[in-house]
Amino acid sequence: MDEQMDLLRFATAGSVDDGKSTLIGRLLLDSKAIFEDQLASVEATSKSRGYDYTDLALLTDGLRSEREQGITIDVAYRYFATPRRKFIIADTPGHVQYTRNMVTGASTADLGLVLVDARQGMTEQSRRHAVLLSLLRVPHLVLAVNKMDLVDYDEEVYNQIHRDFTAFTSKLTVPDLTIIPISALQGDNVVTRSDKMPWYEGPSLLHHLEHVYVASDRDLVDTRFPVQYVVRPKSDKWHDYRGYAGRVAGGVMKKGDEVMVLPSGLTSRIAGIDLFDKEIDEAYPPMSVSVRLEDDLDVSRGDMICRPKNAPTPSQDIDAMVSWMVPEPMRVKRKLAIKHTTRTARALVKNIQYRLDINTLHRDQDTHELGLNEIGRVQLRTTQPLLCDPYATNRDTGSFILIDEATGVTVGAGMIN
Amino acid sequence: MSTQAGYQLSHLDELEAESIHIFREVVAEFEKPVLMFSGGKDSIVMLRLAEKAFYPARVPFPVLQVDTGYDFPEVIETRDRWVERLGVRLIIASVEQAIKDGIVVDDGKTSRNRLQIGTLLHVIEEEGFTAAFGGGRRDEEKARAKERVYSHRDEFGQWDPKNQRPELWSLYNGRIHEGEHMRIFPLSNWTELDIWSYIGREQIEIPSIYFAHNRRVFERDGMLLSESDHNPLRNAEEVKERQVRFRTVGDLTLTGCLESSASTVEEIIEEVAISRVTERGATRGDDRFSEAAMEDRKKEGYF
């Protein structure tokens, strides 16, 4: 196995109609993540249904049978790898519960893949997908213009969709947009470049997924280390060892760095960074390490290690975009539990400022609640200060979940402004 | 630690970091976690990750194995070496004992595999465990593809797939009520190939039966089973010696092996990579890997 392989997480959204299942089936098949006997059964089913071609959508078709059985459609994770990269697909269905599922799938994604049918061009659904991916600050967006075979691989069809989509996303935060004409069914521009569209000079979809540069997407400047757990071996050999365990959320940490611990504000220097039994030179996101400090400070779970001149502002007043995920609506004065990095507190809903219509981007100010699958701007007051950054700068220190204290259910997800 | 230019972790390092994060989060938030140990490669990889997560302190939770009475001796030996080296408490929940105590009923038709479930739930309840780590991976099957890292179980130990909590970023929700527990799957995002690559990279000790060895076996339902006192031969079944290895380990009366000469992790990785095409073929006793498949994959730069 090639040690230099890295990992790309991407989210897809859409329904069976726009060819998403066929596309995923094609990627899994061409990267050999599919068994030959699975393929044989798909071929047999296609034949028995009288199709002219092998319907690759059947490969990922857990969803359709589940729908027939009445099980909630949900995010499904799928895996494939090429010699260059391992891929994790968060596959979210387009129709039912789409906002909740897409927000969930997009929260961890490096890249979002939106499909449109070349015959239809942009639809309300494709606009909605782009809005959600932008709201979740997914750094890379790919629009796959699918079913090019059904429009005779016409360059003008592609150009029109290209113009429409570019104009639409200029109103959103989309740092990197790539638009690729494909036919998932015929395999054009999916794995290899198609000779049917000589006018298209960009990469195939898989080539783009393999090469899109993601290392600089994380914040490597502002040191943020939420303390997760304190490692204190109660053994003679390691009597004085005290390691602050956690996952680097931002910046590059090095031995000797001057650091400040929040909320106490006490300062020290990094005495060493350990990864298991080895001391390492530097730690960066998303590494899980243990940090030792030169001074004996009182540091515990929920604290954050940062730099004295570069620290988040502790605040009990949180202004955020919240995606609501349960049928019982969010209302002003409601009390909830809030989990932010490794810190858990209670939160009071002070104000629901507006509800965002994700189809029109209209802000509805005359609202007093947020219902299931709605997104709105909300002000919260927390029992403890949260050590947070704007979500736009750091997706780890800028995000939180809301939990119903009675049921224990995750009811909302927030992105701090 | 292997890095690429521009502060990018390799895929194994990123998976490792994610799993370590999960282990620490659970220990920080749950009162009484336990690690469910099957003896297989996945649960050994979990032990390795737990060791890394808390080093130089000891792994701060016990290891629980449900003993079917039909475990491979090689698996028990490896388990005991791991448990001794890590200095963790081992809890053995015996299906035999559970039958005697009337906790589960052996009606002669139910397999030991199924009787494990009642035995396991009983121990979790008795000991009051609030979180149980399991080695499940999402690439294993379609239903698992949707299971959360934190998978909620009600007071009857049941999973309700219709009512799963959304899981966002790396913010896990560990809220449970009295009597409920959480199943935790730190290997959710690993594939079988990732597991083997990691075993190779970390030189992790796994039971010897994963590697090619000579064994007296017989064929049943298209599978090669190990000769054993627990597994009396039925008519016309014939024992022969073959070079085999196991892909999974479990109840030895049910776990089939395959003919293989793969004796190193590298050879197994190669075999797994190819057998992704014909894995089911192997358990159906159909033919094995084709030379052409091997060649095709090598041509494409695989390994």
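As a convention, each chain's residues are numbered from 1 in the sequence order in which they are written. As they are written, the chains are lettered A onward and the ligands numbered 1 onward, keeping that order. Restriction of local features to residues with pLDDT of at least 70 applies here, the model being predicted, together with a cutoff of 80 or more for giving and counting side-chain atom pairs; totals for whole chains, interfaces and linings are based on all residues. In computing side-chain values, all of the structure's heavy atoms are included and hydrogens and water are not.

Some thoughts on the overall build of chain A
Rule in force here: Under the DSSP-based scheme used, a helix requires at least four consecutive residues in state H or I and a strand at least two consecutive residues in state E, with every element numbered from the N terminus. Categorising residues by exposure relies on relative accessible area from a 1.4 Å probe, with only protein chains included: less than 20% of the type maximum marks a residue as buried, more than 50% marks it as exposed, and the intermediate range marks it as partly exposed. Where accessible areas are quoted, they stem from the Shrake-Rupley method and a 1.4 Å probe; at the residue level, only the protein chains shown are allowed to cover.
Summing up its helical and strand segments, chain A has seven helices and 24 strands in all. Going through the 417 residues of chain A one by one, you find that 60% of them count as buried. In the structure as shown, chain A presents an accessible area of about 16,600 Å², 46% of it carried by carbon and sulfur atoms.

Overview of the pattern of salt bridges
Pairing between side chains of opposite charge can happen when the charged atoms of each approach one another. Defined as follows: The salt bridge criterion pairs a side-chain nitrogen of Lys or Arg with a carboxyl oxygen of Asp or Glu, the two atoms within 4 Å.
This structure, assessed with the given rule, holds 56 salt bridges over all chains. Here Arg381(A) ties to Asp317(A) by a salt bridge, and the two come within 2.8 Å at their closest N and O atoms. Taken as a pair, Arg381(A) in strand S22 (residues 375-388) and Asp317(A) in strand S16 (residues 313-324) lie far apart in primary sequence, 64 residues in all. With a shortest N-O distance of 2.8 Å, Arg220(B) and Glu237(B) are connected by a salt bridge. With Arg220(B) in strand S9 (residues 213-220) and Glu237(B) in the loop between strand S10 (223-226) and strand S11 (240-246), this pair connects stretches of sequence that are 17 residues apart. On the basis of relative accessible area, Arg220(B) is assigned to the buried category, the value being 9%. Look at Glu237(B) and you get buried, because its relative accessible area is 18%. Sharing partners across several salt bridges, the network here consists of Asp13(B), Glu16(B), Arg48(B), Glu51(B), Lys52(B), Arg85(B), Arg201(B) and Glu202(B).

Quick look at the pairing of strand S23 (residues 399-403) of chain A
On a regular strand, one side chain projects to one face of the sheet and the next to the other, so that they alternate. All names here are of chain A. What counts is decided by this rule: In this analysis, strands are considered paired if DSSP registers two or more bridges between them.
Counting buried positions along S23 yields five of five residues, so the element is predominantly enclosed. Summarising the sheet, strand S18 (residues 335-340) and S23 pair through four bridges and their orientation is antiparallel. Along S23, the bridge assignment pairs His-340 with Phe-400. Where S23 folds back onto strand S24 (residues 410-416) in an antiparallel hairpin, the turn is made up of six residues, including Gly-408, whose phi is positive at roughly 80 degrees.

Focus on the sheet that holds strand S8 (residues 181-184) of chain B
Residue and element names in this part refer to chain B. We apply this condition: Axis angles are defined between N-to-C directions and span 0 to 180 degrees, where every axis is a line fitted to C-alpha atoms and, for a helix, only to the segment in contact. Should any heavy atoms of two residues lie within 4.5 Å, those residues are considered in contact.
Overall, mixed pairing links the six strands, which are arranged S5-S4-S3-S6-S8-S7 in an open sheet. Strands at the two margins of the open sheet, each flanked by one partner only, are strand S5 (90-94) and strand S7 (150-153). If you compare each strand with its neighbour and ignore which way they point, the axes differ by 30 degrees on average. As paired elements, strand S6 (residues 131-133) and S8 share three bridges and run parallel to each other. What sits directly across from Ala-132, in S8, is Arg-183. Each of strand S3 (33-36), strand S4 (63-67) and S6 touches helix H2 (residues 41-54); the most contacted strand, S3, lies at about 140 degrees to it.

Some points on helix H5 (residues 112-127) of chain B
All names here are of chain B. Heads up, the rule is: Here a helix's expected span is defined as the number of its residues, less one, multiplied by 1.5 Å.
Taking 1.5 Å of rise per residue, the 16 residues of H5 would be expected to cover 22 Å, and the 22 Å separating its terminal C-alpha atoms lies within 8% of that figure. Arg-112, Leu-115, Thr-119, Leu-120, Val-123 and Ile-124 are the residues of H5 that are buried. Following H5 by one or two positions, Gly-128 adopts a phi angle in the positive range, close to 70 degrees.

So, unusual backbone geometry
Note: most peptide bonds trans; most residues except glycine with negative phi. Going from Leu262(A) to Pro263(A), the amide bond is cis rather than trans, its omega being 5 degrees. Turning to its location among the elements, Pro263(A) is positioned in the loop between strand S10 (258-262) and strand S11 (266-275). Pro285(A) connects to Pro286(A) through a cis peptide bond whose omega is -5 degrees. As for its placement among the helices and strands, Pro286(A) is situated in the loop between strand S13 (282-283) and strand S14 (288-293). Within the chain, Asp152(A) stands out as a residue other than glycine whose phi angle is a positive 55 degrees. Relative to the helices and strands, Asp152(A) is located in the loop between strand S5 (140-146) and helix H6 (155-169). For Asp152(A), a relative accessible area of 66% translates into the label exposed. Here Ala236(B), not a glycine, exhibits a phi torsion of approximately 70 degrees, which is positive. Mapped onto the elements, Ala236(B) comes out in the loop between S10 and S11.

Let's talk about the nonpolar core
How we decide: The criterion is simple. A nonpolar core is a set of buried Ala, Val, Leu, Ile, Met, Phe, Trp, Tyr and Cys residues joined through side-chain atoms within 4.5 Å.
Core analysis: the biggest nonpolar cluster contains 75 residues, and Phe10(A), Leu136(A) and Val145(A) have the highest contact counts within it. Leu136(A) has contacts with Val103(A), Ala106(A), Ser107(A), Tyr391(A), Arg395(A), Met415(A) and Trp169(B), leaving out every residue within four places of it along the chain. Ranked by size, the runner-up nonpolar core spans 64 residues in total, among them Phe54(B), Tyr70(B), Trp82(B) and Ile199(B).

As for the environment of Glu180(B)
Residue and element names in this part refer to chain B. Put simply, the rule is: A 3.5 Å cut-off defines polar contacts: any pair of N or O atoms within that distance qualifies, except that in protein one atom must be a possible hydrogen donor and the other a possible acceptor, and neighbouring residues in sequence count only when both atoms are side-chain atoms.
With respect to the secondary-structure elements, Glu-180 resides in the loop between S7 and S8. Along the chain, Glu-180 and Gln-158 lie 22 residues apart, while their C-alpha atoms are 9.4 Å from each other. Those residues in contact with Glu-180 that lie beyond four places of it in its chain are His-152, Arg-153, Asp-154 and Glu-155. One polar contact links the side chain of Glu-180 to the main-chain amide nitrogen of His-177, over a distance of 2.8 Å.

Here we look at H6(A)
Residue and element names in this part refer to chain A. To keep things clear, this is the line we draw: An arc is given here, and it is the one of the directions from the helix axis to the C-beta atoms.
Compared with an ideal rise of 1.5 Å per residue, which puts 15 residues at 21 Å, H6 spans 21 Å between its outermost C-alpha atoms and is within 8% of the ideal. Tyr-158, Ile-161, Phe-165, Phe-168 and Thr-169 are the residues of H6 that are buried. Each buried residue of H6 sits inside an arc of 100 degrees when the element is viewed along its axis, so together they form one side. Close packing links the buried residues of H6 with strand S4 (111-117), helix H5 (124-135), S5 and strand S6 (176-181).

What to know about the side chain of Ser19(B)
Residues and elements named next belong to chain B. Mapped onto the elements, Ser-19 comes out in helix H1 (residues 11-29). Take Ser-19: its relative accessible area is 0%, and that puts it in the buried class. Every residue in contact with Ser-19, bar those within four places of it in the chain, is listed here: Leu-49, Pro-186, Leu-187 and Trp-190.

Side note on the pairing of S14(A)
All names here are of chain A. The element S14 is largely enclosed, with a buried count of six among its six residues. Residues Ser-288, Ser-290 and Arg-292 point to one face of S14 and Val-289, Val-291 and Leu-293 to the other, with burial holding for every one of them. Here strand S8 (residues 243-247) runs beside S14; their pairing, made up of four bridges, is antiparallel. Bridging from a neighbouring strand, Arg-247 pairs with Ser-288 of S14.

Fair warning: the whole summary comes from geometry, so function is off the table for now.
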